[in-house]
Structures are given as structure tokens and as C-alpha cells.
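# Structure assessment
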Amino acid sequence: PESTRALTSLLLKVVQEDGTTQEAISYLDELKIPNPGMDHRIKYEDEGGRPEAVCYILPKMRQDLWQFGDALFLDSQKRQFNTMNWPYIGPCVKDQDMKVCVVTKSICVEESTRMYAWVVQMMHEMEPRFSLSQICWIFGYLGITQSLLIDDVFPNQFVTH
């Protein structure tokens with residue numbers, strides 16, 4: 001709807017032009033010093049180079065991703081918590097006790113397959129022991145389809161709803 005596009009445009013403007021975004025990025029850089037194993041990535045626009053998303057990983061998330069990343073669960077809405085329409089993408093896995101483990105956390109200016117693809121690619125970049133080829137199953141909501149993801153990041157993977 002038009003109101004959602006207008007809100008996304010407004011949020012994009014805030015995250016890209018507000019000085020607090022650079023403060024948040026600096027804070028994440030500083031957090032890496034006392035927290036070995038913590039890492040983060042910022043997604044910048046192709047044109048203009050302004051930030052569009054941020055994701056981070058902690059040591060426990062790394063371990064869970066590396067050990068249990070063969071089945072990935074994707075959803076970004078968290079509607080019950082997200083009243084400002086900032087899509088949160090927190091890919092999850094299930095551990096050996098069938099407990100849900102979040103393997104990275106991200107905030108983006110839009111919910112889109114390109115953002116999902118970027119987050120998953122950054123998971124591999126931040127935790128190189130996790131290979132995209134080890135993903136056997138991707139579970140997502142109805143908007144995530146195999147045809148949408150196959151060219152972005154998940155060739156040869158099976159997507160289910």
C-alpha cells in the first residue's frame with residue numbers, strides 16, 4: 001500500500017541522514033573490542049552509499065549457526081513488537097534440544113528478498129565456518145518463495161512454507 005511505501009521512504013531518510021546512525025555504527029565498532037567474537041555488517045545503497053541495514057552476530061550465535069545452520073528459519077515481521085515498521089530479520093536455527101536459537105539480528109529499512117539475501121550472505125561473511133552450501137532447508141513465510149530466493153543467494157536449496 002501507498003502508506004507503507006511512504007513510511008519506508010521516511011524511515012530510509014531518517015536512517016541515512018540522521019547523525020545517530022553514524023553514532024550507532026561507531027558504537028558497534030567499539031563493542032567489538034571488549035567482546036571478542038562479536039561482529040557486525042552495514043548494508044549500504046548501491047547508489048549513494050547510504051546505510052540501509054545493520055546486522056550483528058555474537059559468539060553464541062556463531063556457534064549455533066556453525067553447528068545447526070543446515071535448517072534456517074526466516075521471518076522478519078515480529079509485528080507484535082514492531083510498531084514502527086522497521087523490519088527485524090532474525091534468522092533462527094534449532095539446536096540439539098530443539099530449542100530455537102537466533103543466529104544473527106538485523107534491522108532493515110524494508111522487508112525484501114534482497115534484504116534476506118544480504119543478511120544470509122553476511123552470516124557467512126561474519127562466520128566463515130558456516131557455508132551457504134550447508135543449508136538444506138529454508139523455512140519462511142508465504143512471501144519467501146524458492147523462485148524469489150534462488151537467484152539471490154540460495155541456489156540448490158529447498159524452500160518450504
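Rules and cut-offs
Residues numbered from 1 in each chain as written. Predicted model: local features only at pLDDT ≥ 70, side-chain atom pairs only at ≥ 80, totals over all residues. Heavy atoms only, no water. Helix = DSSP H or I, 4+ residues; strand = E, 2+ residues; numbered from the N terminus. Buried < 20%, exposed > 50% of the residue type's maximum accessible area, 1.4 Å probe, protein only. Contact = heavy atoms within 4.5 Å. Areas by Shrake-Rupley, 256 points an atom, 1.4 Å probe, with all protein chains shown as cover. Core = buried A, V, L, I, M, F, W, Y, C linked by side-chain atoms within 4.5 Å. Lys, Arg positive; Asp, Glu negative; His and termini not counted. Salt bridge = Lys/Arg side-chain N within 4 Å of Asp/Glu carboxyl O. Polar contact = N/O pair within 3.5 Å; in protein donor to acceptor, adjacent residues only side chain to side chain. Expected span 1.5 Å × (residues − 1).

Turning to the overall build of the protein, a few remarks are in order. From N to C terminus, the protein includes five helices and nine strands. Ordered by position from N to C terminus, the α and β elements of the protein give α-α-β-β-α-β-β-β-β-β-α-β-α-β. Burial statistics for the protein: of 161 residues in total, 41% are counted as buried. The long-range share in the protein, meaning contacts at least 24 apart out of those at least 6 apart in sequence, stands at 50%. In the structure as shown, the protein presents an accessible area of about 9200 Å², 57% of it carried by carbon and sulfur atoms.

A separate point is the nonpolar core. One finds Leu72 and Met123 to be the most contacted residues of the largest nonpolar core, which totals 25 residues. Residue assignment for this core shows that the elements contributing at least two residues are strand 2 (51–57), helix 3 (59–68) and helix 4 (113–126). Discounting residues that sit within four places of it in the chain, Met123 has contacts with Leu65, Leu72, Pro91, Val103, Thr104 and Phe130.

Quick look at the side chain of Asp95 now. By the element assignment, Asp95 lies in the loop between strand 5 (92–94) and strand 6 (100–102). One buried charged residue, Asp95, forms no salt bridge at all, with the nearest opposite charge on Lys60 at 5.6 Å. Within polar-contact distance, the side chain of Asp95 engages the backbone nitrogen of Lys99 at 2.9 Å. Look past the residues within four positions of Asp95 in its chain and what remains in contact with it is Phe68 and Cys101.

So, about the side chain of Glu127. Within the secondary structure, Glu127 is located in the loop between helix 4 and strand 8 (137–139). Separated by 3.2 Å, the side chains of Glu127 and Arg62 make a polar contact. What Glu127 contacts, discounting residues up to four positions off in sequence, is Ile57, Arg62 and Leu65.

Take helix 4 next. Between its first and last C-alpha, helix 4 extends 20 Å over 14 residues, near the 20 Å set by a 1.5 Å rise per residue. With 10 of 14 residues buried, helix 4 lies mostly within the body of the structure. Every buried residue of helix 4 is accounted for by Thr113, Met115, Tyr116, Ala117, Trp118, Val119, Val120, Met122, Met123 and Met126.

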